[in-house]
Amino acid sequence: MGDLTGSLTPSSGALNLVTTASSHNPRPMPVREDCWSEEATSTLVDAWGRRYLELNRGNLRQKDWQDVADAVNALHGQTKKTHRTDVQCKNRVDTIKKKYKIEKARVSASNGNVTSSWPFYDRMDVLIGSSVSVKKQPSPSLSPSPPVALPLTYRKSPSSAPPTAVALPQKRPADDGYFRRNYSAMAAAAAAESDESEEDEREREREEESEEEGEGMRKLARAIERFGEVYERVEGEKLRQMVELEKQRMQFAKDLEVQRMTMFMDTQVQLEKVKRGKHSGSDDIYS
């Protein structure tokens, strides 16, 4: 145990080296342009929480996230750097959820002795506290359980003594390093489980978005099909009217030709009568 403590304690030379290096590097850390202020984060939690409860604690869709982003931008989006998109709001909420799970695990591990000073802990606990399961980790300071006393079986005889209990000590680990390794393994398992749950949630959201896109494509296909049917009826009616007009034009041309031929024949008959009248008049003169 002493060797472990000594190996974890930094030497004075290394500590002086770190202090000297930090003193010669006074440059501040760069600030990301998409960093969130506490006021903007508070507005985001309120807007997301209202919509989350309206959906019966269901997953928000793209339109819902856009409404949340609009609510945040209405109060804090006066500049280009502070204007938030729906994707930024969703990523920020995911970060807040992870932070809450860490705080929840710390508070639960203390058995109520520690309270969280994180300003959004109470609100997040009301929203998602019941859906977060925290596994209690074994503490290195906890002592093993007391020995278990098991009664020995005996045969009843006049000279036999009353039954005695033999203490069977439980197996103890070799040292505290066992507890530390066990604690690290369980913490890693809890973190992996949390990551898997987040991945499952994202997968469900992607499936819902795919279903929405598929439904939109089906609606578009039905609309195109109805438009095609209407267009086909209109074109069929236009073709029928054109055929009818062509028939009427041909009938009119036919009637006109018959009338022209009738007039021509009547004219020829009249001319023939006139010729005959002239011939009969000349014959009378000669006679």
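Residues numbered from 1 in each chain as written. Predicted model: local features only at pLDDT ≥ 70, side-chain atom pairs only at ≥ 80, totals over all residues. Heavy atoms only, no water.

Caption draft 1: Seen up close, the side chain of Lys-97. Take Lys-97: it is sitting in helix 5 (residues 86–109). In this view, Lys-97 contacts Trp-48, Met-124, Ile-128 and Glu-201; residues no more than four positions away in its chain are not counted. (Helix = DSSP H or I, 4+ residues; strand = E, 2+ residues; numbered from the N terminus. Contact = heavy atoms within 4.5 Å.)

Caption draft 2: Broad picture of the packing of helix 5 against helix 6 (residues 121–128). Running from N to C, helix 5 and helix 6 point in directions that differ by 95°, and their axes come no closer than 10 Å. Comparing the axis directions of helix 5 and helix 6 gives the class roughly perpendicular. Seen from helix 5, the contacting residues are Ile-96, Lys-97, Tyr-100, Glu-103, Lys-104 and Val-107; seen from helix 6, they are Tyr-121, Met-124, Asp-125 and Ile-128. Its residues assigned to classes, the contact of helix 5 with helix 6 shows six nonpolar, no polar and four charged. (Axes fitted to C-alpha atoms, helices over the stretch in contact; angles between N-to-C directions. Parallel < 35°, antiparallel > 145°, perpendicular 65-115°, else oblique. Nonpolar A, V, L, I, M, F, W, Y, C, P; charged D, E, K, R; others polar.)

Caption draft 3: Structural detail: the pattern of salt bridges. Throughout the structure, instances matching the rule amount to 20 salt bridges. One salt bridge in this structure joins Lys-99 and Glu-103, with 3.4 Å as the shortest N-O distance. With Lys-99 and Glu-103 both in helix 5 and four residues apart, the pair spans about one turn of that helix. Owing to a relative accessible area of 34%, Lys-99 belongs among the partly exposed residues under this scheme. The buried category is assigned to Glu-103, whose relative accessible area is 8%. The salt bridge involving Glu-215 is made with Arg-222; its shortest N-O contact spans 3.8 Å. With a relative accessible area of 38%, Arg-222 lands in the partly exposed category. In the salt-bridge network here, residues are joined through shared partners; they are Arg-51, Glu-54, Lys-63, Asp-64 and Asp-67. (Salt bridge = Lys/Arg side-chain N within 4 Å of Asp/Glu carboxyl O. Buried < 20%, exposed > 50% of the residue type's maximum accessible area, 1.4 Å probe, protein only.)

Caption draft 4: The environment of Pro-119, seen in detail. Along the polypeptide, Pro-119 turns up in the loop between helix 5 and helix 6. Classification of Pro-119 by relative accessible area gives partly exposed; the value is 47%. Between the alpha carbons of Pro-119 and Ser-42 there is a distance of 8.9 Å; along the sequence they are 77 residues apart.

Caption draft 5: Representation of the nonpolar core. Ranked by size, the top nonpolar core spans 23 residues in total, and within it Leu-44, Trp-48, Trp-118, Met-124 and Ile-128 carry the most contacts. Breaking this core down by element, the ones donating at least two residues are helix 3 (38–54), helix 4 (62–76), helix 5 and helix 6. Looking at which element gives the most residues to this core, the answer is helix 3, with six residues. Not counting residues up to four positions away in its chain, the partners in contact with Met-124 are Val-45, Trp-48, Ile-96, Lys-97, Tyr-100, Trp-118 and Gly-129. (Core = buried A, V, L, I, M, F, W, Y, C linked by side-chain atoms within 4.5 Å.)

Caption draft 6: Focus on the packing of aromatic side chains. Following the criterion strictly, the structure yields four aromatic pairs and no others. The interplanar angle of 20° and the centroid separation of 5.0 Å between the aromatic rings of Trp-48 and Tyr-52 together place this pair among those described as stacked. Here Trp-48 and its partner Tyr-52 are both found in helix 3, four residues apart, which amounts to about one turn of the helix. For Trp-48, a relative accessible area of 2% translates into the label buried. Between Trp-118 and Phe-120, the aromatic rings sit 5.7 Å apart at their centres with planes inclined by 80°, giving edge-to-face as the arrangement. An identical accessibility class is assigned to Trp-118 and Phe-120; each is buried. When the ring centre of Trp-36 is taken as reference, the NZ or CZ atom of Arg-84 above it lies at 4.5 Å. (Phe/Tyr/Trp six-rings, centres within 6.5 Å; stacked < 30°, edge-to-face > 60°. Lys NZ or Arg CZ within 6 Å of the ring centre and 35° of its normal.)

Caption draft 7: Looking closely at the packing of helix 3 against helix 5. Where helix 3 meets helix 5, the axes come as close as 11 Å, and the angle between the chain directions of the two elements is 95°. As judged from the angle between their axes, helix 3 and helix 5 are roughly perpendicular. Contacts from Thr-41, Leu-44, Val-45 and Trp-48 in helix 3 reach Cys-89, Arg-92, Val-93, Ile-96 and Lys-97 in helix 5.

Caption draft 8: Main features of a nonpolar patch on the surface. On the surface, a cluster of nonpolar side chains totalling about 320 Å² of accessible area is made up of Met-217, Leu-220 and Ile-224. Along the polypeptide, Ile-224 turns up in helix 7 (residues 176–286). (Patch = residues over 30% accessible without salt bridge, like charges linked within 9 Å, V, L, I, M, F, W, Y side chains within 5 Å. Areas by Shrake-Rupley, 256 points an atom, 1.4 Å probe, with all protein chains shown as cover.)

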